[in-house]
Amino acid sequence: MRESVQAEVMMSFLVSEELSFRIPVELCYETCDPYAVRLTFHLPGDAPVTWAFGRELLVDGVGRPCGDGDVHIAPAEPDTFGDVLIRLQVGADRALFRSGAVPLVAFLDRTDKLVPLGQEGSLADFDAHLDEALDRILAEEQSAG
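What this report covers is the structure whose coordinates are included nearby. None of the values given here were measured: they were computed from a predicted structure.

Conventions we followed
- Residues numbered from 1 in each chain as written.
- Predicted model: local features only at pLDDT ≥ 70, side-chain atom pairs only at ≥ 80, totals over all residues.
- Heavy atoms only, no water.
- Phe/Tyr/Trp six-rings, centres within 6.5 Å; stacked < 30°, edge-to-face > 60°.
- Helix = DSSP H or I, 4+ residues; strand = E, 2+ residues; numbered from the N terminus.
- Buried < 20%, exposed > 50% of the residue type's maximum accessible area, 1.4 Å probe, protein only.
- Expected span 1.5 Å × (residues − 1).
- Arc of directions from axis to C-beta.
- Contact = heavy atoms within 4.5 Å.

1. Quick look at the packing of aromatic side chains
- For the structure on display, the rule yields three aromatic pairs.
- With a centroid separation of 5.1 Å and an interplanar angle of 20°, the aromatic rings of F13 and F97 are classed as stacked. Within this pair, whereas F13 is found in strand 1 (residues 4-14), its partner F97 is found in strand 7 (residues 93-100), the two being separated by 84 residues in sequence. Like F97, F13 is buried.
- Within the aromatic cluster, the residues linked to one another by ring pairs are F13, F21, F41 and F97.

2. Things to note about helix 2 (residues 101-114)
- For helix 2, built from 14 residues, the straight-helix expectation of 20 Å at 1.5 Å per residue is met to within 8% by its first-to-last C-alpha distance of 20 Å.
- All buried positions along helix 2 are accounted for by A101, L104, F107, L108, T111 and L114. For helix 2, the buried positions fall inside an angular range of 145° around the axis, keeping them on one side. In helix 2, those exposed residues whose orientation departs by more than 90 degrees from the buried face are V102 and K113.
- Where helix 2 is buried, its residues touch strand 1, strand 2 (20-30), strand 3 (36-41), helix 1 (55-63), strand 6 (83-90) and strand 7.

Here's what the structure looks like:
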């Protein structure tokens, strides 16, 4: 069984209403952390930045505004399937990205073929890898802090 799904998507980094630029973003889903997706943003002149959040949040955000706390995802235009806005926040610092919905849905479809939504807990090795995934997330947070 394949253990991960990866894709690269070009997104617009919206710096202000007047300024935006396109950047590559790596999307990753791994069966060892079946509830999460990881997005790695490659900003010019900076080290790559990775955000991990719930796969279900990304699924829901393609169709309707959702998210609490540091991650908010919503369609760019209400009632329209087109672009998706992803807002990430740490304290007062915010970053806003715009992506086409089609590549996000294609990525999510591939994750669903690997582990169907709602079946994440049925993975035989999930409990064995949970501590490893949590340790990795905590190490990433400490190194970024």
